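# Observations on chain architecture
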Amino acid sequence: MTLEVSTDPARLDVGLIHRWLSEDAYWAIGRSREVVERAIEGSLSFGAYDDGRQVGYARVVTDRATFAWVCDVYVDRAARGHGVGKALVAAIDATLRGLGVRRAMLATEDAHALYAAVGFAPLPDQHRWLLRTYEP
């Protein structure tokens, strides 16, 4: 596998990303194409490519100065186990460090070890953090 990670939005296969998220990602099942497009437009996106074919995607919502939320990290099922997720997370980490971001957050159901490898850890002061959810 010849892997490359890019933040060039022109390279993103939005149709493929929409299919991955809306049909296979537990956190985004049923997400509309319009919502995926708006999310991409408002975020810093990372595409992972094997010989030019997109095999992974990740999105970072950030002010590019102080805070980032890492989300929608997805690796094509056929490419899993080949370091695509690690490459995406390493590229995100390097980019956020380069921007001088002080705090990045994410939520995961099953990939704690992947993110721990670049320094993510459970919230040490959970009592300070609050969450507000909105119904669709």
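Here we summarise the structure given alongside this text. Computed from a predicted model, the values in this text were never measured in an experiment.

About the thresholds
- Residues numbered from 1 in each chain as written.
- Predicted model: local features only at pLDDT ≥ 70, side-chain atom pairs only at ≥ 80, totals over all residues.
- Heavy atoms only, no water.
- 1 Å grid on protein atoms, 1.4 Å probe; cavity = no way out; pocket = protein on both sides within 12 Å on 5 of 7 lines; lining within 4 Å.
- Points joined across faces, edges and corners; volume = space filled by probe spheres on them.
- Helix = DSSP H or I, 4+ residues; strand = E, 2+ residues; numbered from the N terminus.
- Patch = residues over 30% accessible without salt bridge, like charges linked within 9 Å, V, L, I, M, F, W, Y side chains within 5 Å.
- Areas by Shrake-Rupley, 256 points an atom, 1.4 Å probe, with all protein chains shown as cover.
- Salt bridge = Lys/Arg side-chain N within 4 Å of Asp/Glu carboxyl O.
- Buried < 20%, exposed > 50% of the residue type's maximum accessible area, 1.4 Å probe, protein only.
- Polar contact = N/O pair within 3.5 Å; in protein donor to acceptor, adjacent residues only side chain to side chain.
- Contact = heavy atoms within 4.5 Å.
- Arc of directions from axis to C-beta.
- Core = buried A, V, L, I, M, F, W, Y, C linked by side-chain atoms within 4.5 Å.
- Lys, Arg positive; Asp, Glu negative; His and termini not counted.

### A closer look at empty space enclosed by the protein
- The final tally for this structure, using the stated rule, is one cavity of 30 Å³ or more.
- Here the largest cavity defines a volume of roughly 30 Å³.
- Here the lining of the largest cavity takes three residues from helix α3 (residues 84-99), the largest share from any one element.

### So, a nonpolar patch on the surface
- Together, Phe-67, Trp-69, Leu-123 and Trp-129 make up an exposed nonpolar region whose accessible area comes to about 340 Å².
- Relative to the helices and strands, Trp-69 is located in strand β4 (residues 67-75).

### Some details on the side chain of Ser-43
- By the element assignment, Ser-43 lies in the loop between α2 (33-41) and β2 (44-50).
- On the accessibility criterion, Ser-43 (13% relative accessible area) is buried.
- Here Arg-59 takes part through its side chain, which lies 2.9 Å from a polar atom of the side chain of Ser-43.
- Once you skip the residues sitting within four places of it in the chain, Ser-43 turns out to touch Arg-59, Val-60, Val-61 and Arg-64.

### A few points about α2
- For α2, every residue scored as buried is listed here: Val-36, Ala-39 and Ile-40. All buried residues of α2 project into a common sector of 100° when viewed along the axis, lining one side. When the buried face of α2 is taken as reference, the exposed residues oriented beyond 90 degrees from it are Arg-38 and Glu-41.
- Residues of α2 that are buried sit in contact with α1 (14-24), β2 and β3 (53-62).

### Focus: the nonpolar core
- Phe-46, Val-60, Val-84, Leu-88, Ile-92 and Leu-96 are the most contacted members of the largest nonpolar core, which totals 20 residues.
- Mapped onto this core, the elements with two or more residues apiece are β2, β3, β4 and α3.
- If you tally residues by element for this core, the top one is α3, at six residues.
- Excluding its chain neighbours within four sequence positions, the residues that come into contact with Val-84 are Met-1, Leu-3, Ala-48, Val-55, Gly-56, Val-75 and Ala-79.
- Among the nonpolar cores identified, the runner-up in size contains 12 residues, and Leu-16, Ile-17, Ala-25 and Ile-40 belong to it.

### So, the side chain of Asp-76
- Here Asp-76 lies in the loop between β4 and α3.
- Buried and unpaired, Asp-76 has no salt bridge, with Arg-53 as the nearest side chain of opposite charge at 4.9 Å.
- Side-chain polar atoms of Asp-76 contact the side chain of Trp-20, separated by 3.2 Å.
- The contacts of Asp-76, once residues within four sequence positions are left out, are Trp-20 and Val-55.

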